Amino acid sequence: QLFIKDLHFDGVPVRIYLPREPSAGKRRGVILFHGGCGIFGSIRSHERICRYIAKTSDSVVVSVGYHLSPEYKYPAQTLECLTATVHFLQTADTYGVDPARVIVCGDSVGGTYAASVCQELVHRTDLPKVRAQVLIYPFLQALNFNLPSHQKNAFTAFLSRERTVHFILKYLNKDCSLKEPILAGSHVPKGVNLKYREWINPDLIPEVFKLGYKPPLPTAFLPQVHEEVPELFECRFSPLLAEDAVVCHLPDTCIVTCGHDVLRDEGLLYKKRLEDNNVRVTWHHVEKGFH
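About the criteria used
Here the residue numbering is sequential within each chain, running from 1 through the sequence in written order. Local features in this predicted model are restricted to residues whose pLDDT is 70 or higher, and side-chain atom pairs enter the listing and the counts only when it is 80 or higher, whereas totals over whole chains, interfaces and linings include all residues. As a convention, hydrogens and water are excluded, and side-chain values are obtained from all of the structure's heavy atoms. For the purposes of this description, domain bounds are those given by an automatic or database domain assignment. Residue contacts are defined here by distance: any two heavy atoms, one from each residue, within 4.5 Å place the two residues in contact. Buried area adds together the accessible area that both of two parts lose upon being put together, with accessible area traced by a 1.4 Å probe. Side-chain atoms alone can form a polar contact between residues adjacent in sequence; in general such a contact is a pair of N or O atoms within 3.5 Å, and within protein one must be able to donate a hydrogen while the other accepts it. Each residue receives one of three labels: charged for Asp, Glu, Lys and Arg, nonpolar for Ala, Val, Leu, Ile, Met, Phe, Trp, Tyr, Cys and Pro, and polar for the others, Gly being one of them. UniProt positions are given in the numbering used here, feature names are shortened, and annotations may be inferred rather than shown by experiment. Secondary structure elements are defined from DSSP: runs of H or I of at least 4 residues count as helices, runs of E of at least 2 residues count as strands, and each element is numbered from the N terminus. One bridge is not enough; two strands pair if DSSP finds at least two bridges between them. Between N-to-C directions, angles span 0 to 180 degrees; the directions come from axes that are lines fitted to C-alpha atoms, helices contributing only their stretch in contact.

On to the domain arrangement of the protein chain. Where interface size is quoted, it is often the accessible area lost as the parts come together. When its domains are assigned, the protein chain resolves into domain 1 (2-136) and domain 2 (148-233). Averaged C-alpha coordinates put domain 1 and domain 2 at centres separated by 29 Å. Contact residues are listed per partner, giving 10 residues for domain 1 and six residues for domain 2. When domain 1 packs against domain 2, the two sides together hide about 730 Å² of surface, and 69% of this comes from carbon and sulfur. On the domain 1 side of the interface with domain 2, the three residues burying the most area are Cys37, Ile39 and Tyr74, jointly 57% of the side's total. At the surface where domain 1 touches domain 2, the tally comes to three residue pairs in polar contact (both at pLDDT 80 or more). Looking at side-chain class alone, the side of domain 1 that touches domain 2 contains six nonpolar, three polar and one charged residues.

What follows covers the UniProt feature "domain: Alpha/beta hydrolase fold-3" (unreviewed entry) in the protein chain. What UniProt calls "domain: Alpha/beta hydrolase fold-3" (unreviewed entry) maps, in this numbering, to residues 30-182 and 235-291. Between the first and last C-alpha atoms of residues 235-291 the distance is 23 Å; the span itself is 30% helix and 33% strand.

Read from one edge to the other, the open sheet built from eight strands follows the order S1-S2-S4-S3-S5-S6-S7-S8, with strand pairing classed as mixed. Each edge of the open sheet carries a strand with a single partner, namely strand S1 (2-9) and strand S8 (281-290). Taking each pair of neighbouring strands and ignoring which way they run, the sheet shows an average axis angle of 20°. Summarising the sheet, strand S3 (residues 27-33) and strand S4 (residues 60-64) pair through five bridges and their orientation is parallel. Within S4, the position partnered with Leu32 by the bridge is Ser63. Packed on one face of the sheet, helix H10 (residues 264-276) meets strand S6 (132-136), strand S7 (252-260) and S8 and runs near 150° to S7.

Structure follows, in C-alpha cells:
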C-alpha cells in the first residue's frame, strides 16, 4: 500500500512514506519527529506509527531521523528538524503534497521539536505556512518541576519526575549532580519566576487535575546552578517561554495529554496559552494513558 524510501533533506536523514494508490488531487503532508529525550529513538522505532498515519489518512509522511545527543550536541536536533521541515515545505509538490496542507507532529521531545519548529517559522514569509501542529504529550518547559502532574506522577514507570531531569542533563551533556537543585527549582532566579508566572503556574491548571496537590516550600536560588544550564531558559528548549507576539501566529494545534504522565500539565499550560492568543486548539486527554 505504501512506497517507502530513505532520503536526505539538506543532509538530514528522512524516511518518506507515499501511498501507492493514485490521488485525485494533492495529498496532505505529515512531518513526524520521534520521541526519546533526544538521546533514544530513531526512524525505525516509529516505523509502525508512520505507516499507520500514511495509510489511514492517505497522507505523505516524512519521518525525520535527526542525529542524537551526546554525539551531536544540542541544539543540533532542533536545527535538523527545522532544516528538514523547510526542505519539505519548499519541495512538497515533488511528492504530490499540497504545500498549504503540511502539518508537523511529534511525541514527547518530538513534540518539543514540533512546537519549536512552528515558533521558528512564524515570521518566515518565504515559505508556505505550516497548516497545523500535533503535540503528543510534549515536553515544553524546564523551569518548574513541581506542577501538580509532577507530584501526582513523580514515581510513574518509565518517565518519573527524577528521570525527566536526569534525561535533560544527559541530553545537554551536563553534570548529573545538578539534578536535585533543578528538581527543587533552585536554578531559576526570582525575577525569571516572576516574569513567567502568568504562563507557568499551578493556579492555571484546572481544579480537576489538582486533587491532592501541595504547593512546594520556597527554595533558595543558586546562581552557580543557573549558570550551568542557560539552555533551559531558551524558547528552543522550553517553547512555553515564547512571547505572545510569536504564540499568536502559531498554526491550528492538536494537543494530546495523558493522566499518568509527569508532562501532562505542560500540555495543559500550552493549551491555555494558545487559546488566550486566539489559536484554535483541539485537546485529547487520555485519563488512563501513560507517557
